[in-house]
Amino acid sequence: MAFRAEKRTIAWIGALLFSPALFAQQSFQYEAWWGHSRLYSMPPHVKKAGALGTLTINEAGVSFEQKSEKGKKHPRAWHWDYPNIEQLKTSPRSLSVVTYKDNKWKLGADRQYDFDLVSDNSLENSYRFLKTRLDQRFVAVIADSPAHTLWEIAAKHLTGFGGDEGVLQVGTSQIVYKSAKKGETRTWRYEDIDNISSSGPFSLTITTFERAKLDYGSRRQFNFQLKQRLEEARYNDLWGRLNQSKGLQILSSY
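Residues numbered from 1 in each chain as written. Predicted model: local features only at pLDDT ≥ 70, side-chain atom pairs only at ≥ 80, totals over all residues. Heavy atoms only, no water.

**Q** I'd like to hear about the nonpolar core, residue by residue, with values.
**A** Counting 26 residues, the largest nonpolar core has Ile57, Val62, Tyr82, Leu88, Leu95 and Phe115 as its most contacted members. Listed by contribution, the elements that provide at least two residues to this core are strand 1 (27-35), strand 2 (50-58), strand 3 (61-66), strand 5 (85-90), strand 6 (94-103), strand 7 (109-117), helix 3 (124-131) and strand 8 (138-140). A per-element tally of this core places strand 1 first, with four residues. Once you skip the residues sitting within four places of it in the chain, Tyr82 turns out to touch Ile57, Asn58, Glu59, Ala60, Gly61, Val62, Phe129, Leu130, Arg133, Leu134 and Arg137. By size, the runner-up hydrophobic cluster in this structure holds 20 residues, among which are Ile153, Ala155, Tyr190 and Leu204. (Core = buried A, V, L, I, M, F, W, Y, C linked by side-chain atoms within 4.5 Å. Buried < 20%, exposed > 50% of the residue type's maximum accessible area, 1.4 Å probe, protein only. Helix = DSSP H or I, 4+ residues; strand = E, 2+ residues; numbered from the N terminus. Contact = heavy atoms within 4.5 Å.)

Rendered as structure tokens:
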């Protein structure tokens, strides 16, 4: 009886830790630089294309408030609730918000706000919170750990000017690409993936909903050159999981 009571207590604590009610009470604040982060370490008279302030992530959305400066009457302050965010991309040290508002200085391109942390904190603290608030508009430049890894394979991510090497991990609910190159790591939930394809046992293309101006339909493609053969059974299983996540019924006879 004591063992059963202990199991119930552990289950209750686990449910509490990951419950939406607890997330709703959470608020994450970071000291961040808006604009061109490469200018942040330069002398004050050079820093003209950005501002230092507080980046806040909570149930209400994402906001940024510039720190008060002597002689500045109207410091910058923005807030975006989640329905008005077209895409949110986060890495351990940076966050980018793309809005639906047009930027008249860039021929109507959607307005984008880029933030870089200037303290020792990491946005990984707010990663799990954010992925419960956004659907396929969320881009995670973070290597999450699949709850259960089905298989993994070493791969090279091919780009227009070379590529980077890493490891693809396929789990029951997500795919993770771990790369040593900054900005190339990704974690995709199956609902973040539009399609997968392969031209042979040593290639795999993952088409995602990440914004990309030069790719077909504004969806970004990740082309991988595999270092080991991808067995047909594994590819078929991955294809089936992807389509099941979209709500399709896969007939067992096929």
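**Q** How would you summarise the side chain of Glu86 if you had to cite specific residues and measurements?
**A** Following the sequence through the fold, Glu86 ends up in strand 5. When sequence neighbours within four positions are dropped, the list of residues in contact with Glu86 reads Val98, Thr99, Tyr100, Asp110, Arg137 and Arg211.

**Q** Quick one: what's the story with the side chain of Ser119, residue by residue and with numbers?
**A** In this fold, Ser119 is placed in the loop between strand 7 and helix 3. Assessed through its relative accessible area of 18%, Ser119 is described here as buried. Apart from residues no more than four positions distant in its own chain, Ser119 is found in contact with Glu31 and Arg93.

**Q** Run through helix 4 (residues 232-245), naming residues and quoting values.
**A** Look at helix 4: 20 Å from first C-alpha to last across 14 residues, which is about the 20 Å you get at 1.5 Å a residue. If you check which residues of helix 4 are buried, you get Tyr235, Leu238, Gly240, Leu242 and Asn243. Contacts made by the buried residues of helix 4 are with strand 9 (149-159), strand 10 (162-171), strand 11 (174-179), strand 13 (193-197) and strand 14 (203-211). Trailing helix 4 by a residue or two, Gly247 shows a phi angle of about 90 degrees, which is positive. (Expected span 1.5 Å × (residues − 1).)

**Q** Describe the pattern of salt bridges, listing the residues and the values that go with them.
**A** With the rule as written, the count across this model stands at 15 salt bridges. We note a salt bridge from Arg137 to Asp135, for which the minimum N-O separation is 2.9 Å. A relative accessible area of 18% means that Arg137 is categorised as buried. With a relative accessible area of 41%, Asp135 lands in the partly exposed category. (Salt bridge = Lys/Arg side-chain N within 4 Å of Asp/Glu carboxyl O.)

**Q** Quick rundown of the pairing of strand 10? Include the residues and the values.
**A** In summary, the side chains of a regular strand alternate between the two faces of the sheet. Relative to strand 10, strand 9 is paired through ten bridges, and the arrangement is antiparallel. If you follow Ala155 over to strand 10, its bridge partner there is Gly166. Hairpin connection of strand 9 to strand 10: two residues between the antiparallel strands. Where strand 10 and strand 11 come together, five bridges link them in antiparallel fashion. Across the sheet, Gln169 pairs through a bridge with Val176, a residue of strand 11. Following strand 10, the chain reverses through two residues before pairing antiparallel with strand 11. (Pairing = 2+ DSSP bridges.)

**Q** Which residues make up the packing of aromatic side chains, and what values go with them?
**A** For the coordinates displayed, the defined rule picks out eleven aromatic pairs. Ring plane angle 65 degrees and centroid distance 5.1 Å describe the contact between Trp34 and Trp78, whose orientation is recorded as edge-to-face. With Trp34 in strand 1 and Trp78 in strand 4 (residues 77-80), this pair connects stretches of sequence that are 44 residues apart. Joined through ring pairs, the aromatic side chains of Trp34, Phe64, Trp78, Trp80, Tyr113 and Phe115 make up one cluster. (Phe/Tyr/Trp six-rings, centres within 6.5 Å; stacked < 30°, edge-to-face > 60°.)

In short, geometric facts, not functional conclusions.
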